[in-house]
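Here are the chains, one letter per residue:
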Amino acid sequence: MKGVTCIDDLRELARRRVPRAFFGYANTGSYSLSTLRANREDMGRIRFRQRVLRDVSRRDTATMMLGEHVALPVALAPIGIGGMQHGDGEILACRAAQAAGVPYTLGTLAICSIEDVAAAVEKPFWFQLYVMKDRGFARSLVERALVARCSALVLTVDLQVAGQRHLDIKNGLSVPPSLKLGNLVDMARRPLWAYGILKGRRRTFGNLAGHLSGEERLKALAEWIAHQFDPTLSWADVDWLRSIWPGKLIIKGILDTEDARLAAQAGADAIVVSNHGGRQLDGAPSSISALPRIVEAVGSDVEVLFDGGIRSGQDVMRALALGARGCLIGRAYIYGLGAGGQAGVATAIEIIRRELDVTMALCGVNRIEEIDRTVLAEP
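Residues numbered from 1 in each chain as written. Predicted model: local features only at pLDDT ≥ 70, side-chain atom pairs only at ≥ 80, totals over all residues. Heavy atoms only, no water.

A. Geometry of the overall build of the protein chain. When helices and strands are tallied, the protein chain shows 15 helices and 10 strands. A compact globule built from 379 residues would reach a C-alpha radius of gyration of about 21 Å, and the protein chain, at 20 Å, matches this within 12%. Each principal axis of the C-alpha atoms in the protein chain carries an extent, and together these give about 65 × 50 × 40 Å. For the protein chain, long-range pairs separated by at least 24 residues make up 73% of all intrachain contacts whose partners lie at least 6 apart in sequence. Charge separation in the protein chain, taken as the distance between the mean sites of 47 positive and 41 negative side-chain charges, equals 6 Å. (Helix = DSSP H or I, 4+ residues; strand = E, 2+ residues; numbered from the N terminus. Rg over C-alpha atoms; globule rule 2.2 N^0.38 Å. Contact = heavy atoms within 4.5 Å. Lys, Arg positive; Asp, Glu negative; His and termini not counted. Charge placed at Lys NZ, Arg CZ, Asp CG, Glu CD.)

B. Seen up close, the layout of surface pockets. A volume near 280 Å³ is recorded for the second largest pocket. If you go around the second largest pocket, you meet 13 residues; those closest to its centre are V157, Q160, W235, I254 and D259. When grouped by side-chain class, the residues that make up the lining of the second largest pocket number 7 nonpolar, 3 polar and 3 charged. (1 Å grid on protein atoms, 1.4 Å probe; cavity = no way out; pocket = protein on both sides within 12 Å on 5 of 7 lines; lining within 4 Å. Points joined across faces, edges and corners; volume = space filled by probe spheres on them. Nonpolar A, V, L, I, M, F, W, Y, C, P; charged D, E, K, R; others polar.)

C. Representation of the pattern of salt bridges. Counted by the stated rule, this structure contains 20 salt bridges. When the shortest N-O distance is used, the salt bridge between R20 and D186 registers 3.7 Å. Of the two residues, R20 is situated in helix α2 (residues 20–27) and D186 in helix α8 (residues 181–188); the sequence distance between them amounts to 166 residues. On the basis of relative accessible area, D186 is assigned to the buried category, the value being 5%. In this structure, R325 and E303 form a salt bridge, with 3.8 Å as the shortest nitrogen-oxygen distance. Placement of R325 in the loop between α14 (313–321) and β10 (326–329) and of E303 in strand β9 (residues 303–307) is noted, with a sequence separation of 22 residues between them. The exposure class assigned to R325 is partly exposed, which follows from its relative accessible area of 41%. In this structure, a network of salt bridges that share partners links the residues E12, R15 and R16. (Salt bridge = Lys/Arg side-chain N within 4 Å of Asp/Glu carboxyl O. Buried < 20%, exposed > 50% of the residue type's maximum accessible area, 1.4 Å probe, protein only.)

D. Spatial organisation of the environment of G299. As for its placement among the helices and strands, G299 is situated in the loop between α13 (287–298) and β9. In sequence terms G299 and G323 are 24 residues apart; their C-alpha atoms lie 7.8 Å from each other. Sequence-distant contacts of G299, defined by excluding residues within four places in its chain, comprise I294 and V304.

E. Seen up close, the packing of aromatic side chains. In total, this model carries 4 aromatic pairs according to the counting rule given. Sitting over the ring of Y25, R279 keeps its end group 4.6 Å from the ring centre. (Phe/Tyr/Trp six-rings, centres within 6.5 Å; stacked < 30°, edge-to-face > 60°. Lys NZ or Arg CZ within 6 Å of the ring centre and 35° of its normal.)

F. Focus on the sheet that holds strand β7 (residues 248–254). Here we have 8 strands laid out as an open sheet, ordered β3-β10-β9-β8-β7-β6-β5-β4, and parallel in their pairing. Looking at the sheet topology across the chains shown, the edges are occupied by β3 (74–76) and β4 (105–106). Relative to strand β8 (residues 270–273), β7 runs parallel, the two sharing 4 bridges. Its bridge partner being in β8, I251 is matched across the sheet by I271. (Pairing = 2+ DSSP bridges.)

G. Structural context of the pairing of strand β6 (residues 152–156). Judged by how many residues are buried, β6 sits mostly within the fold: 5 of 5 residues are covered. Here strand β5 (residues 126–129) pairs with β6 via 4 bridges, running parallel. When the bridges of β6 are listed, W126 appears paired with A152. At this point the chain moves from β5, through helix α6 (residues 135–147), to the parallel β6, and the crossover so formed is right-handed. Bridge count for β6 against β7 is 5 bridges, and the pairing is parallel. Its bridge partner lying in β7, T156 is registered against K252. (Right-handed = clockwise from strand over helix to strand, strands pointing away.)

Structure (structure tokens):
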């Protein structure tokens, strides 16, 4: 990781080290990418209010998220097939997060299973759930998360149908997957990546292992998943989930104030303002533009977290200033994973921590709890 100074450096390393199909999967968005771009462009328009001659010698990035003490107001977001960025990717990312004192979220569509990660780390982690048509399978995932002592369940609600990602189709990551000659050649050019994947525990969706009568092939599992996203999903399913999950419940994928109110009424402990990283509804507002309205609507009723477009500690500060209690980072750490495994994820977290610390100093604040709209140059 020598010479790495920012998340963009990690992105460039990952682009060179990870086969283009899997790098593109993590890097791209849906349709014209307008919402993907808006997440970054709207974030970049927010300016800070620089303050001087203030005592900022007692800075501390530690705070509380969902009742947990965290070293900085960041959690690692769930990422599909993270274990194809680097062998055992989810385990390595979770270890890096826990070493840095921040939560890690394992996705339903991870390569490593709940049990794989739980056996390889020392502390509880969060688990992200898709409620699929097969409610029995969804229940079994919740039960497995309970056995693994997961400290929060993150229900993603904005994937009832999948937004089309043109690059994934071109790269063969469609349903069914199409392993093209170009993909094989591209993988062969990356022997260190291939060696790491071959050494890893799994190369298919670990949480689905054994669910299809022993069928383990990626093609069969991907086809099953594609037909399991459920357009009938409703708030009644949140009530059902709340009845079988006794722990902390986070609802991820909220962009509308009315949906935020309904989530609070449904018993969510936290919501995540998110547009799925620009991977679902293209043309939806950026997450950062939706955040203030949602905080105003429900900020006193439920903890509001933020996801979308964060590539720096400055971006974390922007979201906190607009009312978020904490942020989920996705691409920022997945670039680190592809660039250098556990060390790359640790580097990504440290970059964001260091940038947040410096930004706090130059805005004249010492504690996370002091960050509000007064640190911004404009209302």
